[in-house]
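Structural overview
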Amino acid sequence: MSQLDKVARLSAQGGSASGGKNFGDEFIMRLRQPDRDIRISIPIKMDNGSIKIFEGYRVEYNNALGPYKGGIRYHQDTEINEVKALAFWMTIKCAVAGIPMGGGKGGITVNPKELSKGELEKLSRGFVQKLSDILGPKKDVPAPDVNTTPEIMAWMADEFEKITGDKTRATFTGKPIDKGGSEGRGTATAQGGFYVFEALRKELGLPEKCEVVVQGFGNVGSYAALIWHKAGHKILAVSDSKNGIYDANGLDIPKLMEYKKNTGSLSGFPSSKNISNGELLEIKCDLLIPAAFENQITDQNAAKIQAKVILELANGPITPEADEILFKKSIPIIPDILANSGGVTVSYFEWDQNLKGEHWSEKEVFEKLEPMLRDSAQKIVKNAKESKTDLRRGAFILALERIKEEMV
Ligand code: NAD
């Protein structure tokens, strides 16, 4: 099922079947379409002197809650429908997080690995040149996404300043720290997931010290494993795209991070045994954290999941069919739109700091993050209980309520 179909399905649930909540057809109809979607062509003089034209997109989905907010992805398969679907998700995610931001997304159809650094910079600056009229701290605030880095955000912010004279640097988030970026952004998604877990742990009947399995050992997964480990939970297994490893006594995550840095692999870590990714997902544990990619738990393996609770740090790791199976098995899922919203919340903090001319310490950042996520998590549980539904729909209800309240 495509991302867009999934969106349509969940929107429809928000409108009619979400445990008796009905937001009205008119509101749902308005949410089915973005405010505007823009396609641009960006001509670039390549290093060999030829001209190549790239296609770029910006979708401004909804700004009821504040300026459009959402990443720009560089990928050879990126196209307008994907960007639209992702812009809708951002609308919902920002609303769930309780930040004063709407939803947007952008992209360029390009394989950035085929470009030199100079060509990549020209392309990034070209994107801003074509869109400078619609971007701005109070209008539309892009961020990094797949294959876009802090350096690319810094080029874009610089280009925007050159064109408009705006010196706040608040139009782009995800910048390097010395160029107006926020402390804590690198670990915010995993840290935010941990705050959500802590807020819901008792409610979901989990013990004080949990046995945890983490799929994915990249930016989000490795920090998640580290944060849970440091808090005294036992990490039974982790995996990356090549290997999974398991240790019934718990993995020493700081040592494992060092081991992976030195060897490039998880395999062979002392006292662990190798397992497949399929086996990893089916381990009996208190908490399963998918932190790799989408569509990892499907109708093929959902029935075999033995985790008590699943916390989605990856975007869309569970298919709708698997969602149904897990619901019937009474395995609660803490949905991505809540669980991984620490990242977008700290992006909002970056924007806020830029506009105020401030720079907060990591401690300040996380002290502000924790109560916001706790508050949203508690509201979602309340919605789910009142509407006798799951946490994903509880989160949708919260988002739609917040958007509807502000929509004119
Ligand atoms: P990343 O590229 O740093 O890490 C992905 C990890 O998944 C890598 O360790 C990779 O080896 C592993 N992996 C790939 N295929 C796998 C497979 N089949 N089985 C097990 N592991 C596999 O990416 P990331 O930034 O950590 O993002 C992970 C997920 O979190 C994505 O879904 C992303 O959209 C989502 N997310 C990330 C952020 C963020 O702040 N980085 C914010 C919100 C959501």
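Read on for an overview of the structure.

**Looking at the overall build of the chain**
Secondary structure summary: the chain contains 14 helices and 12 strands in total. A compact globule built from 408 residues should have a C-alpha radius of gyration of about 22 Å, and the chain, at 21 Å, falls within 12% of that. Across the 408 residues that make up the chain, the buried fraction comes to 57%. Sequence separation of at least 24 residues holds for 67% of the intrachain contacts in the chain that already meet a minimum separation of 6. A total accessible area of about 17,200 Å² is found for the chain, and carbon and sulfur atoms account for 49% of it. Charged side chains of the chain number 55 positive and 55 negative; the gap between the two group centres comes to 1 Å.

**Describing helix α12 (residues 342-356)**
Residue pairs three or four apart in sequence face the same way in an α-helix, which turns once every 3.6 residues. Look at α12: 21 Å from first C-alpha to last across 15 residues, which is about the 21 Å you get at 1.5 Å a residue. Among the 15 residues in α12, 13 count as buried, and that is most of the element. Looking one or two residues past α12, Gly357 carries a phi angle of roughly 65 degrees, positive in sign.

**Some details on the nonpolar core**
Core analysis: the largest hydrophobic core is formed by 83 residues, its most contacted members being Trp228, Val238 and Ile334. For this core, the leading source of residues is helix α3 (residues 80-97), giving 11 residues. One finds Ile40, Ile72, Val110 and Met153 within the second-largest nonpolar core, a separate group that totals 25 residues.

**A few points about the packing of α3 against helix α14 (residues 391-406)**
One can describe the packing of α3 onto α14 by two numbers: an axis separation of 8 Å at closest approach and a directional angle of 90 degrees. One way to sum up the angle between α3 and α14 is to call them roughly perpendicular. Residue-level inspection shows Phe88, Trp89, Thr91, Ile92, Ala95, Val96 and Ala97 of α3 in contact with α14, the latter providing Ala395, Phe396, Leu398, Ala399, Leu400, Arg402 and Ile403. Looking at the contact of α3 with α14 residue by residue, the classes come out as 12 nonpolar, one polar and one charged.

**Concerning the packing of aromatic side chains**
Enumeration according to the criterion identifies 12 aromatic pairs in this entry. Members of the aromatic cluster, connected to one another through ring pairs, are Tyr61, Phe88, Trp89 and Phe396. Above the plane of the ring of Trp360 lies Lys368, whose end atom (NZ or CZ) is 4.3 Å from the centre.

Rules used in this analysis
- Residues numbered from 1 in each chain as written.
- Predicted model: local features only at pLDDT ≥ 70, side-chain atom pairs only at ≥ 80, totals over all residues.
- Heavy atoms only, no water.
- Helix = DSSP H or I, 4+ residues; strand = E, 2+ residues; numbered from the N terminus.
- Rg over C-alpha atoms; globule rule 2.2 N^0.38 Å.
- Buried < 20%, exposed > 50% of the residue type's maximum accessible area, 1.4 Å probe, protein only.
- Contact = heavy atoms within 4.5 Å.
- Areas by Shrake-Rupley, 256 points an atom, 1.4 Å probe, with all protein chains shown as cover.
- Lys, Arg positive; Asp, Glu negative; His and termini not counted.
- Charge placed at Lys NZ, Arg CZ, Asp CG, Glu CD.
- Expected span 1.5 Å × (residues − 1).
- Core = buried A, V, L, I, M, F, W, Y, C linked by side-chain atoms within 4.5 Å.
- Axes fitted to C-alpha atoms, helices over the stretch in contact; angles between N-to-C directions.
- Parallel < 35°, antiparallel > 145°, perpendicular 65-115°, else oblique.
- Nonpolar A, V, L, I, M, F, W, Y, C, P; charged D, E, K, R; others polar.
- Phe/Tyr/Trp six-rings, centres within 6.5 Å; stacked < 30°, edge-to-face > 60°.
- Lys NZ or Arg CZ within 6 Å of the ring centre and 35° of its normal.

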